[in-house]
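Descriptive structure summary
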Amino acid sequence: MTASATTNAKIYVGTTAVIDFTTDAGAIDDFEADTWKEVKNVEDLGEFGDESNEISYGVIGESRMFRLKGARDAGTIALVCVRDAFDDGQRALIAAEKTSHDYNFKVEVGDDPAGGTPTIYYFRALVMSAKNAFGGVGDVVKTTFNIGVNSAILEVVATEATP
C-alpha cells in the first residue's frame, strides 16, 4: 500500500477554454494545454468525487422501496485559503466568482515517486462563492471558495520514474 499525505497537494485554476470530453485522452490533452495559476496558501482542499442521486419508488403490494441511480454529481468543493490579496490564484478565483462561466481546474496530489509524476485530477467548475472569515483576535483571515464541479473528474494516475 502506498499512502500519500495532503501536505504536497496543489490546486490550480485555468481558463474558460472549452474541453472536448468525447474521449478521456482528448480531454486530458485539452486540459494539459491550458494556462494554469496555482492557488496558494490553501489550508483545506475539501472533497470531490461522483455520487449518484437516488431515485426511489414504492410498489403497491411489495411493501418495499426500490432504488435506482440517477444523475451523477461531483459535488461542491469548499476550498479554504489563508487570504492573500496578492496571490494570482486567489485573485483568479475571485474574478471567476463574478462570472457565470465554467473554469478548468487541476489538482496535483503530490504522491509522485522520486523521478515520477503525481496523480492529477482535472475538471470544470463554477466558482460559486468567495466568503471571507475574520474570526476573533487570535485568528487569521481566510477565504472559502465554494467550487461547484460541472463535469466528469478525470484522473491521471501517478507514474514511476523510467529507468
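This is a predicted model, so every value here is computed, not measured.

**Focus: the pairing of strand β9 (residues 142–149)**
The side chains of a regular strand alternate between both faces of the sheet. The sheet contact formed by strand β6 (residues 76–82) and β9 spans 7 bridges and is antiparallel. Within the sheet, the bridge partner assigned to Ala-78 lies in β9 and is Asn-146. Sheet topology note: the strand β8 (residues 120–133)/β9 ladder contains 8 bridges and is antiparallel. Across the sheet, the residue bridging to Ser-129 is Asn-146, located in β9.

**Digging into helix α1 (residues 24–32)**
For α1, the full list of buried residues reads Ala-27, Ile-28 and Phe-31. Buried residues of α1 fall within an arc of 100° about the axis and therefore sit on the same side. Those residues of α1 that are buried are in contact with β7 (103–108), β8 and β10 (154–156).

**Let's talk about the pattern of salt bridges**
Counted by the stated rule, this structure contains 4 salt bridges. Linking Lys-142 and Glu-43 is a salt bridge whose minimum nitrogen-to-oxygen distance equals 2.8 Å. One end of the pair, Lys-142, is in strand β9; the other, Glu-43, is in strand β3 (residues 42–44), and 99 residues separate them in sequence. Accessibility expressed as a relative area gives 46% for Glu-43, which makes it partly exposed. One salt bridge connects Glu-108 with Lys-106, and the closest N-O pair in it is separated by 3.8 Å. Neither residue differs from the other here; Glu-108 and Lys-106 are each classed as buried.

Calculation notes
Residues numbered from 1 in each chain as written. Predicted model: local features only at pLDDT ≥ 70, side-chain atom pairs only at ≥ 80, totals over all residues. Heavy atoms only, no water. Pairing = 2+ DSSP bridges. Helix = DSSP H or I, 4+ residues; strand = E, 2+ residues; numbered from the N terminus. Buried < 20%, exposed > 50% of the residue type's maximum accessible area, 1.4 Å probe, protein only. Arc of directions from axis to C-beta. Contact = heavy atoms within 4.5 Å. Salt bridge = Lys/Arg side-chain N within 4 Å of Asp/Glu carboxyl O.

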